[in-house]
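# Commentary on secondary and tertiary structure
Spelled out from the first residue to the last, the chains are:
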Amino acid sequence: MPQIEVVVDREGNFRADFSGFPGTACEEESQNLERALRALGLPVKVKSQVKKSPAQTAAECRLDETGTGPAAAGAAGAAGAAGAAGADPPGGRRP
Amino acid sequence: MSQITSYTTDIRLDEVASGADLQDDPGWHLLRAAVEAAAVEHHGKVGDHVLDYFLRRRTCDIALYTPAFQRGVGIEVDRATGEVRFLYDDYERPELVAEYREDIMQNFVTLAVARALKDMNYDVEVEDPGRTAGRRRAVVVRGEL
């Protein structure tokens, strides 16, 4: 399954890891994400971009098909994101 | 082909810049939620003004007050450009104010990314590792189709 993992730092900048996207789907999806964020008041600028090798992408897709890829790994300790704003407030999820 | 992209961010409410009311801008509701989350975390509250060191009052769109910083960290949205500005008098407490600013920015971006991924039909999980030595670490948002 295609997956996007985003790591948000203290300054509000972030890194997005797109995995399991075949062909050019990844580029289209990154543009979709940028458009969606802009509509929510968060215009972004690309600071750096690293393309994964075809072999790496193929491996991600193969791993996923067997259920052992990133999509199947789950997220230990992760809190669900839902609610009126579309996600739980970060401060509200901590113990 | 998959990729890893790093982004820099800035909050700008385009609907407001187009003449819409603040309440009609989806970004405003996320911003408000980000400030409210910071208030919960720091046992504070939200309001609509800040005070300077001499207790002079200035109205803003939303402000965060905490027991440790009762003058408040305010946010003002420029109605002409949609740009978001922080307002505060951090005299004697610059580190604390910087921490609150970072909390609000990190909350906003986390909420915006989670909401954007949900709008794109992803199943979304948020992993917040909490704080180390009083400072919060990076937050992870995962979306899976």
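Calculation criteria
- Residues numbered from 1 in each chain as written.
- Chains lettered and ligands numbered in written order.
- Predicted model: local features only at pLDDT ≥ 70, side-chain atom pairs only at ≥ 80, totals over all residues.
- Helix = DSSP H or I, 4+ residues; strand = E, 2+ residues; numbered from the N terminus.
- Rg over C-alpha atoms; globule rule 2.2 N^0.38 Å.
- Buried ≥ 20, exposed ≤ 12 C-beta atoms within 10 Å, placed from the backbone.
- Contact = placed C-beta atoms within 7 Å.
- Expected span 1.5 Å × (residues − 1).
- Nonpolar A, V, L, I, M, F, W, Y, C, P; charged D, E, K, R; others polar.
- pLDDT = per-residue confidence, 0-100.

### Quick word on the overall build of chain B
Scanning chain B from N- to C-terminus turns up 3 helices and 9 strands. Compactness check: chain B gives a C-alpha radius of gyration of 16 Å against a globular reference of 15 Å for 145 residues, within 12% of the reference. In terms of overall dimensions, chain B has C-alpha extents of about 55 × 45 × 25 Å along its principal axes. For chain B, the residues scored as buried account for 43% of the 145 residues in total. The contacts of chain B with a sequence gap of at least 6 include a subset with a gap of at least 24, amounting to 43%.

### Concerning helix α2 (residues 26-41) of chain B
In an α-helix, one turn spans 3.6 residues; hence positions three or four apart end up facing the same way. Residue and element names in this part refer to chain B. Helix length check: α2, at 16 residues, gives a terminal C-alpha distance of 23 Å against a target of 22 Å (1.5 Å per residue), a fit within 8%. Where α2 is buried, its residues touch β2 (45-51), β3 (57-66), β4 (69-77), β5 (84-87) and α3 (94-119). Count one or two residues on from α2 and you reach H43, which has phi positive near 55°.

### Re the interface of chain B and chain A
With 58 residues of chain B at the contact, the number on the chain A side is 61 residues. Put simply, the parts of the chain that give the side of chain B that touches chain A at least two residues each are β1 (3-9), α2, α3, β6 (123-127) and β9 (139-144) of chain B. When residues in the side of chain B that touches chain A are grouped by element, the largest group, 16 residues, is from α3 of chain B. Residue composition of the side of chain B that touches chain A, by class: 30 nonpolar, 13 polar and 15 charged.

### Focus on the confidence of the model for chain B
Here chain B averages 95 in pLDDT, while 99% of its residues score no lower than 70. Across the whole predicted complex the pTM is 0.85, and at the interface the ipTM reaches 0.93.

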